[in-house]
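Below are the chains, spelled out letter by letter.
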Amino acid sequence: MPRTTKADGRGPRRSGWLKAVIAIAVCGAAVGGVAVYRTVSDEAVERPVTTDEAGRLALSRLNLYQASPVAVTLTAQEGGGVTIRVDGVVDYRTHRGVGRYRTTGANGPLDHGLIVWDTGGLGLAPDQAGAGGTATATPTDAPAWEQAERIPRQGWSPRTYTADPLDAGLNLLVQLGADRPDNPLLLAQSGARWLGRDRIDGKGYDRFAGPRAQGAAPDGARSPLTYWVDGDGGLRRVTMRMPGLGTPTTVDLTGRQADAKLPEAPWLTG
């Protein structure tokens, strides 16, 4: 199973950093800062966002909410050559996610299973047929949400979030959508910046450094979050830089998963 990091000498610092990053994710804005550009330079250089760009970035969380449930893929580097990938679905109306995880080390696969998460924590369970192998067992190739629905509460191993890259990514991921747009002026004033343009799966996206929550980064430092947003305000990818890790945690949002039905929350950690 994905490893749980015990509190150590780094714990308080990383935990505080994680809280600051989640504040950024929900676009906590500070008053003051830079004005919004109204014209776009032809030069591909980092700069403050334009009025149009701030508007699209502000709409991205509402668009994600309205598209729910959304197919997602999260890739986190845990250090020591260990990578965890989660393929699943998130419903931003209930702030719940469900999927499959796979842990890979330098020498190949290490672990895999089902994973469910919400704003309070996550739960893990074996990825196998049905609840206890009963006659109503679900085939192992069934969608993760179907398997999760049939696993009883005692079949889950729940825990609250740690400061590990996987946990930080899941916590961020489940909070990306919102039922209202952000304030574009405050996004711009809080340090959102245009970084460039990229193509993902043949489609063009603007790449933005996110706004900076107060105390989350030194003055003038770039946000640890980067967003890829299309011309209609559709959010396609988010990356999160973690202290001490060269490879950021990556979240890909690949479109509406209309047939997904997320289970209730048997993984509650309270």
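Residues numbered from 1 in each chain as written. Predicted model: local features only at pLDDT ≥ 70, side-chain atom pairs only at ≥ 80, totals over all residues. Heavy atoms only, no water.

**Things to note about the overall build of the chain**
This is how it is decided: Helix and strand definitions follow DSSP, with helices as H or I runs of at least four residues and strands as E runs of at least two, each counted in order from the N terminus. With a 1.4 Å probe rolled over the protein chains alone, any residue whose accessible area is under 20% of its type maximum counts as buried; one over 50% counts as exposed, and the rest are partly exposed. The contact criterion used is simple: two residues touch if any of their non-hydrogen atoms lie within 4.5 Å.
Of regular secondary structure, the chain possesses five helices and 12 strands. The burial tally for the chain puts 50% of its 270 residues in the buried class. By sequence separation, contacts in the chain at least 24 residues apart represent 60% of the contacts at least 6 residues apart.

**Things to note about the packing of aromatic side chains**
Quick note on the threshold: Pairs were defined over the aromatic rings of Phe, Tyr and Trp, the Trp ring being its six-membered one, requiring ring centres within 6.5 Å. Orientation was assigned from the angle between planes: stacked under 30 degrees, edge-to-face over 60, tilted for the rest. Criterion for a charge above a ring: Arg CZ or Lys NZ at most 6 Å from the ring centre, at most 35 degrees from the ring normal.
Per the counting criterion, the structure on display carries zero aromatic pairs. We note R93 situated over the ring of Y65; from NZ or CZ to the ring centre the distance is 4.9 Å. Here R237 stacks its cationic end above the ring of W228, 5.9 Å away from the centre of that ring.

**With respect to the pattern of salt bridges**
What counts is decided by this rule: Every case where a carboxyl oxygen of Asp or Glu lies within 4 Å of a side-chain nitrogen of Lys or Arg is listed as a salt bridge.
Under the counting rule described, the total for this entry stands at 16 salt bridges. A salt bridge links D87 to R85; the shortest N-O distance between them is 2.9 Å. What makes D87 partly exposed here is its relative accessible area of 34%. For R85, a relative accessible area of 42% puts it in the partly exposed group. Between K203 and D230 there is a salt bridge, with the nearest N and O atoms lying 3.0 Å from each other. Of this pair, K203 sits in strand 9 (residues 203-209) while D230 sits in the loop between strand 10 (225-229) and strand 11 (235-240), and the two are 27 residues apart along the sequence. The partly exposed category is assigned to K203, whose relative accessible area is 39%.

**A look at the environment of G81**
As for its placement among the helices and strands, G81 is situated in the loop between strand 2 (70-79) and strand 3 (82-91). In sequence terms G81 and A106 are 25 residues apart; their C-alpha atoms lie 5.3 Å from each other. The residues contacting G81, other than those within four sequence positions of it, are T104, G105 and A106.

**Comments concerning helix 4 (residues 165-174)**
In terms of residue burial, helix 4 counts as a mostly covered element, since 10 of its 10 residues are buried. When helix 4 is considered as a whole, its buried residues turn out to be P165, L166, D167, A168, G169, L170, N171, L172, L173 and V174.

**Thoughts on the sheet that holds strand 11**
Put simply, the test is: One bridge is not enough; two strands pair if DSSP finds at least two bridges between them. Inter-axis angles, ranging from 0 to 180 degrees, are taken between N-to-C directions of lines fitted to C-alpha atoms, where helices are fitted over the stretch in contact.
Judged by pairing direction, the sheet is antiparallel, and its 12 strands sit side by side in the order 1-8-9-10-11-12-2-3-4-5-6-7 without closing on themselves. Unpaired on one side and paired on the other, strand 1 (47-48) and strand 7 (157-160) mark the two borders of the sheet. As judged from the nine bridges shared by strand 4 (residues 96-105) and strand 5 (residues 108-117), these two strands associate in the antiparallel manner. If you follow G105 over to strand 5, its bridge partner there is G108. Here helix 4 sits on the sheet and contacts strand 2, strand 3, strand 4, strand 5, strand 6 (121-125), strand 7, strand 10, strand 11 and strand 12 (249-256); the angle it forms with strand 2, its principal contact strand, is near 155 degrees.

**Points about helix 2 (residues 51-67)**
The line we're drawing: Working rule for helices: expected span equals 1.5 Å times residues minus one. Axes are fitted to the seven residues ending at a residue and to the seven starting at it; the angle between these axes is taken as the bend at that residue.
In this model, helix 2 (17 residues) spans 24 Å end to end at C-alpha, consistent with the 24 Å of a helix rising 1.5 Å per residue. Of all the bends in helix 2, the largest measures some 35 degrees and sits at S60. Here helix 2 has its buried residues at E53, A54, R56, L57, A58, S60, R61, L62 and L64.

**A few points about the nonpolar core**
Worth spelling out the cut-off: Buried Ala, Val, Leu, Ile, Met, Phe, Trp, Tyr and Cys residues form a nonpolar core when they are joined through side-chain atoms within 4.5 Å.
If you look at the biggest cluster of nonpolar residues, it comprises 40 residues, and the most contacted ones within it are W117, L173, L176 and L253. Counting residues per element, this core draws most heavily on helix 4, at six residues. When residues no more than four places from it in sequence are discounted, the contact partners of L253 are L64, V70, A71, V72, Y92, L173, L176, L235, R236 and R237. Membership of the second largest hydrophobic core comes to 12 residues, among which are V116, A125, I151 and L262.

**As for the confidence of the model for the chain**
To be explicit about the condition: Per-residue confidence from the predictor is given as pLDDT, running between 0 and 100.
In the predicted model, the chain carries a mean pLDDT of 80, and the fraction of residues at 70 or more is 74%. Note on residues 4-18: pLDDT under 50 across the span, and 19 contacts to partners over four residues away in sequence or across chains. Confidence over residues 20-42 falls short of pLDDT 50; this stretch has 64 contacts with residues more than four positions distant or in other chains.

**Some remarks on the pairing of strand 5**
What sits between strand 4 and strand 5 in their antiparallel hairpin is a turn of two residues. Bridge count for strand 5 against strand 6 is four bridges, and the pairing is antiparallel. Across the sheet, I115 pairs through a bridge with L124, a residue of strand 6. Here strand 5 folds back onto strand 6 in antiparallel fashion, the turn holding three residues.

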